[in-house]
Amino acid sequence: MPSPLSVDLRERVVAAVTEGASFHQAAERFGVSVSSASRWSQRFAQQGHVAPKPTHGDDRLPAIEEHADLILSLDEARPERFLRELRDVLAEQGVQTSTSGLSRFFARHGITRKKGRCTQLSRSGLT
């Protein structure tokens with residue numbers, strides 16, 4: 001994801017619009033999109049600033065971390081289980097998450113979930 005454009009540029013675009021330039025004119029002059037010029041002008045009118053919104057939300061741990069012991073114990077009991085199967089087992093126990101959320105959980109905990117020798121090879125791999 002690209003980083004937000006500078007506050008200085010945003011302020012110059014809004015100033016141009018305030019001085020009478022259209023969104024199209026200001027956008028072309030400063031090399032930004034028309035929708036950005038419109039959005040920044042609207043934000044300035046409503047909030048009095050053009051600072052970009054936070055990109056990462058808050059720094060709290062995801063809610064899934066509250067269930068770390070359960071997830072880790074289920075994974076330890078059956079490490080060959082697919083993430084979607086683990087997600088379904090967790091849902092049965094009242095823990096709502098997604099396979100991508102589980103993937104990020106394991107990455108944060110430094111756990112790789114590679115298929116081991118106990119997993120059957122697919123037929124396509126037996127050429």
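The preceding data block contains the structure.
In this text, all values refer to a predicted model and were calculated from it rather than measured experimentally.

Before going further, it helps to examine the pattern of salt bridges. For the coordinates displayed, the defined rule picks out four salt bridges. Its salt-bridge partner being Asp8, residue Arg12 comes within 3.2 Å of it at the nearest N-O pair. One end of the pair is Arg12 and the other is Asp8, both in helix α1 (residues 7–18) and four residues apart, which spans about a single turn. Look at Asp8 and you get partly exposed, because its relative accessible area is 44%. In this structure, the salt-bridge partner of Glu65 is Arg108, at a minimum N-O distance of 2.8 Å. Residue Glu65 is located in the loop between α3 (34–47) and α4 (68–77), and its partner Arg108 is located in helix α6 (residues 99–108); the two are separated by 43 residues in the primary sequence. Residue classification places Glu65 among the buried residues on the basis of a relative accessible area of 18%.

For the rest of this paragraph, the subject is the packing of α4 against helix α5 (residues 83–92). With their axes 11 Å apart at the nearest point, α4 and α5 run at an angle of 130° to one another. By the criterion of interaxial angle, the relationship of α4 to α5 is oblique. Both α4 and α5 take part in a crossing whose hand is right-handed. Contacts between α4 and α5 involve Leu70, Ile71 and Leu74 on the former and, on the latter, Leu86, Val89 and Leu90. Among the residues forming the contact of α4 with α5, the class breakdown is six nonpolar, no polar and no charged.

A word on α5. For α5, the full list of buried residues reads Leu86, Val89 and Leu90. For α5, the angular spread of buried residues about the axis comes to 100°, placing them on one side. Positive phi shows up at Gly94, right after α5, with a value of about 85°.

With that settled, the discussion passes to the packing of aromatic side chains. Considering all chains together, one arrives at one aromatic pair under this definition. Consider the rings of Phe105 and Phe106, whose centres lie 5.4 Å apart with planes at 80°: the pair is edge-to-face. Note on accessibility: Phe105 and Phe106 belong to one class, buried. The ring of Phe82 has Arg84 lying over it, and the distance from NZ or CZ to the ring centre is 4.8 Å.

Cut-offs applied
- Residues numbered from 1 in each chain as written.
- Predicted model: local features only at pLDDT ≥ 70, side-chain atom pairs only at ≥ 80, totals over all residues.
- Heavy atoms only, no water.
- Salt bridge = Lys/Arg side-chain N within 4 Å of Asp/Glu carboxyl O.
- Helix = DSSP H or I, 4+ residues; strand = E, 2+ residues; numbered from the N terminus.
- Buried < 20%, exposed > 50% of the residue type's maximum accessible area, 1.4 Å probe, protein only.
- Axes fitted to C-alpha atoms, helices over the stretch in contact; angles between N-to-C directions.
- Parallel < 35°, antiparallel > 145°, perpendicular 65-115°, else oblique.
- Left-handed = near helix turned anticlockwise from the far one by under 90°.
- Contact = heavy atoms within 4.5 Å.
- Nonpolar A, V, L, I, M, F, W, Y, C, P; charged D, E, K, R; others polar.
- Arc of directions from axis to C-beta.
- Phe/Tyr/Trp six-rings, centres within 6.5 Å; stacked < 30°, edge-to-face > 60°.
- Lys NZ or Arg CZ within 6 Å of the ring centre and 35° of its normal.

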